[in-house]
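Listed below, chain by chain, are the residues.
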Amino acid sequence: MVHSDLARRRLTPAPRLAWRPALRWSCWIALAYAAPLTAGRAVVTYRFGGDFAAPYLWTLLGLSTGFALLHWPVLAVAARNPATAALVRSALQWAAVSALTVYLVLALGALWDDHTLAFVAKYVAPDLAGAR
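Predicted, not measured: the structure shown is a model, and the values here were computed from it.

Cut-offs applied
Residues numbered from 1 in each chain as written. Predicted model: local features only at pLDDT ≥ 70, side-chain atom pairs only at ≥ 80, totals over all residues. Heavy atoms only, no water. Axes fitted to C-alpha atoms, helices over the stretch in contact; angles between N-to-C directions. Helix = DSSP H or I, 4+ residues; strand = E, 2+ residues; numbered from the N terminus. Parallel < 35°, antiparallel > 145°, perpendicular 65-115°, else oblique. Left-handed = near helix turned anticlockwise from the far one by under 90°. Contact = heavy atoms within 4.5 Å. Core = buried A, V, L, I, M, F, W, Y, C linked by side-chain atoms within 4.5 Å. Buried < 20%, exposed > 50% of the residue type's maximum accessible area, 1.4 Å probe, protein only. Polar contact = N/O pair within 3.5 Å; in protein donor to acceptor, adjacent residues only side chain to side chain. Arc of directions from axis to C-beta. 1 Å grid on protein atoms, 1.4 Å probe; cavity = no way out; pocket = protein on both sides within 12 Å on 5 of 7 lines; lining within 4 Å. Points joined across faces, edges and corners; volume = space filled by probe spheres on them. Salt bridge = Lys/Arg side-chain N within 4 Å of Asp/Glu carboxyl O.

Asks: Hey, could you run me through the packing of helix 2 (residues 19-48) against helix 3 (residues 55-70) in this one?
Replies: How two helices sit against one another is set out by the angle between their axes and by the gap between those axes. Axis separation between helix 2 and helix 3 bottoms out at 8 Å; the angle between their running directions is 155°. Looking at the two axes, helix 2 sits roughly antiparallel to helix 3. Pair helix 2 / helix 3 crosses with right-handed handedness. Side by side, helix 2 and helix 3 meet where Leu23, Ser26, Ile29, Ala30, Tyr33, Ala34, Leu37, Thr38 and Arg41 of the first sit next to Tyr56, Leu57, Leu60, Leu61, Ser64, Thr65, Phe67, Ala68 and Leu69 of the second.

Asks: Teacher, can you tell me more about the nonpolar core here?
Replies: Formed by Ala18, Ala22, Trp25, Ile29, Ala30, Ala68, Leu75, Ala76, Ala78, Ala79, Ala85 and Val88, the largest nonpolar core amounts to twelve residues. Only helix 2, helix 4 (72-78) and helix 5 (82-112) provide two or more residues apiece to this core. The element that contributes the greatest number of residues to this core is helix 2, accounting for four residues. Ignoring sequence-local partners within four residues, the contact set of Val88 consists of Trp25, Leu75 and Ala78.

Asks: Explanation requested: the side chain of Arg41 in the structure shown.
Replies: One can find Arg41 in helix 2. The buried category is assigned to Arg41, whose relative accessible area is 0%. At 2.9 Å, the side chain of Arg41 and the side chain of Asp127 are in polar contact. Sequence-distant contacts of Arg41, that is, excluding residues within four places in its chain, are made with Asp51, Phe52, Ala54, Tyr56, Leu57, Val124, Ala125, Asp127 and Leu128.

Asks: Explain helix 6 (residues 114-124) here, please?
Replies: Given 3.6 residues to a turn, an α-helix orients residues that are three or four positions apart in the same direction. For helix 6, the complete set of buried residues consists of Thr116, Leu117, Val120, Ala121 and Val124. Projected down its long axis, helix 6 shows its buried positions confined to an angular sector of 140°, all on one face. Residues of helix 6 that are exposed and angled more than 90 degrees away from the buried face: His115 and Lys122.

Asks: Could you clarify how one ought to interpret the layout of surface pockets in this entry?
Replies: In this approach, a probe sized like a water molecule rolls over the atoms, and the result shows the empty space that is left. Estimates place the volume of the largest pocket at around 1100 Å³. Contributions of two or more residues to the lining of the largest pocket are made by helix 2, helix 5 and helix 6. It is helix 5 that provides the largest number of residues to the lining of the largest pocket, a total of 14 residues.

Asks: Is there a simple way to explain the pattern of salt bridges in this structure?
Replies: When the charged atoms of two side chains with opposite charge come close together, those side chains can pair. Inspection of every chain in the model, using the stated rule, returns two salt bridges. The residue Arg41 makes a salt bridge to Asp127 at a minimum N-O spacing of 2.9 Å. Taken as a pair, Arg41 in helix 2 and Asp127 in the segment after helix 6 lie far apart in primary sequence, 86 residues in all. The closest approach of N and O atoms between Arg47 and Asp114, which form a salt bridge, is 3.0 Å. Residue Arg47 is found in helix 2, and its partner Asp114 is found in helix 6; the two are separated by 67 residues along the sequence.

Right, here's the structure in full:
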């Protein structure tokens, strides 16, 4: 009978959520957001002057950390399966390499070109009077 077959089958529970690797990945994402913002702010304040540790910087860092921690539950679900965890780890590594490449191109461009530095200042230091 169909009902007895279904009653005999045991449902296998889903693997537990992997909170620890997800937290580690979320912290790396937060660092990947915060590092270029902080470095960009340092370059802009060095070039144009002003207060480095202004409330705008702390707001940016808080928002980037909060946004990174929003990924934590999704990453915990993805890290349950070893194959999916490897895929996520690889994707995060390639995203970090790509972001570092873009940052270096912008940073090197800002060394020789004030227009690129003004572009960076528009996002990381719009509160500075000299950056406008």
